[in-house]
Amino acid sequence: VDIESEFAPIGSVRVVFNPPDASVHLGGELVGTGSPVLIEGLALNEEHQLRISREGYETLHFPVVLDSSDPLEVQLDLAEALALAGHVEAQARAC
């Protein structure tokens, strides 16, 4: 048993999002679906990677670093993905 990690300070994040049926992943692992999602037991002063996703919406990826054991609340709105008909041609032009 690692005594140092057993008593390491921990915090929590409450993620509130729209659309409310999106999924929340922490470090690649699903931690909840449906707003809000409470993630507890996170080590302080370490970067935790969050991803919020739902089909038909842009996926958000962002880091969270907790510096206090006080709960952190994050509020997000996912943008609807734009459906493109056909294909898009990119053109470069010298200025």
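Residue positions within a chain follow its written sequence, with the count starting from 1. Only residues with pLDDT of 70 or above have their local features reported here, since the model is predicted, and side-chain atom pairs are shown and tallied only from 80 upward, although totals for entire chains, interfaces and linings are computed over all residues. Hydrogen atoms and water are omitted, and side-chain values are computed over all heavy atoms in the structure.

Draft legend 1. Geometry of the sheet that holds strand β1 (residues 10-18). For two strands to pair, DSSP has to find at least two bridges joining them. By the criteria applied, helices consist of DSSP H or I runs no shorter than four residues and strands consist of E runs no shorter than two, each listed in order from the N terminus. If you walk across this open sheet you meet the three strands as β4-β1-β7, and the pairing is mixed. What marks the edges here is a single partner per strand, and that holds for β4 (37-43) and β7 (72-77). Taking each pair of neighbouring strands and ignoring which way they run, the sheet shows an average axis angle of 25 degrees. As defined by bridge partners, β1 adjoins β7 across six bridges and the pair is classed as parallel. Pairing of Val13 across the sheet is with Leu72, part of β7. Axis definition: a line fit to C-alpha positions, over the contact stretch in the case of helices; interaxial angles, taken between N-to-C directions, run 0 to 180 degrees.

Draft legend 2. The sheet that holds strand β3 (residues 29-33), seen in detail. Strand order in the open sheet formed by four strands is β3-β2-β5-β6, with antiparallel pairing between adjacent strands. A strand with exactly one partner marks an edge of an open sheet, and here the two such strands are β3 and β6 (60-65). In this sheet, adjacent strand axes meet at a mean angle of 30 degrees when their direction is disregarded.

Draft legend 3. Region of interest: the pattern of salt bridges. The salt bridge definition used is simple: a Lys or Arg side-chain nitrogen within 4 Å of an Asp or Glu carboxyl oxygen. For the coordinates displayed, the defined rule picks out two salt bridges. In this structure, the salt-bridge partner of Asp21 is Arg54, at a minimum N-O distance of 2.7 Å. One end of the pair, Asp21, is in the loop between β1 and β2 (23-26); the other, Arg54, is in the loop between β5 (47-53) and β6, and 33 residues separate them in sequence. For Asp21, a relative accessible area of 42% corresponds to the partly exposed category. Burial classes: relative accessible area under 20% of the type maximum marks a residue as buried, over 50% as exposed, and values in between as partly exposed (1.4 Å probe, protein chains only). On the basis of relative accessibility, which here comes to 31%, the residue Arg54 falls in the partly exposed class.

Draft legend 4. Seen up close, the nonpolar core. Residues belong to one nonpolar core when they are buried, are Ala, Val, Leu, Ile, Met, Phe, Trp, Tyr or Cys, and are joined through side-chain atoms within 4.5 Å. Ranked by internal contacts, the top residues of the largest apolar core, which has 18 residues, are Val15, Ile39, Leu50 and Ile52. When contributions to this core are tallied by element, the ones reaching two or more residues are β1, β2, β4, β5, β6 and β7. Two residues qualify as a contact provided that any one of their heavy atoms is within 4.5 Å of a heavy atom in the partner residue. Excluding residues that lie within four positions of it along the chain, Ile39 makes contacts with Gly11, Ser12, Val13, Val15, Val24, Leu26, Val31 and Leu50.

Draft legend 5. The pairing of β6, seen in detail. Both β5 and β6 contribute to a ladder of six bridges, which runs antiparallel. Counted as the bridge partner of Ile52 is Leu60 from β6. Connecting the antiparallel pair β5 and β6 is a turn made up of six residues, with Gly56 showing a positive phi of about 90 degrees.

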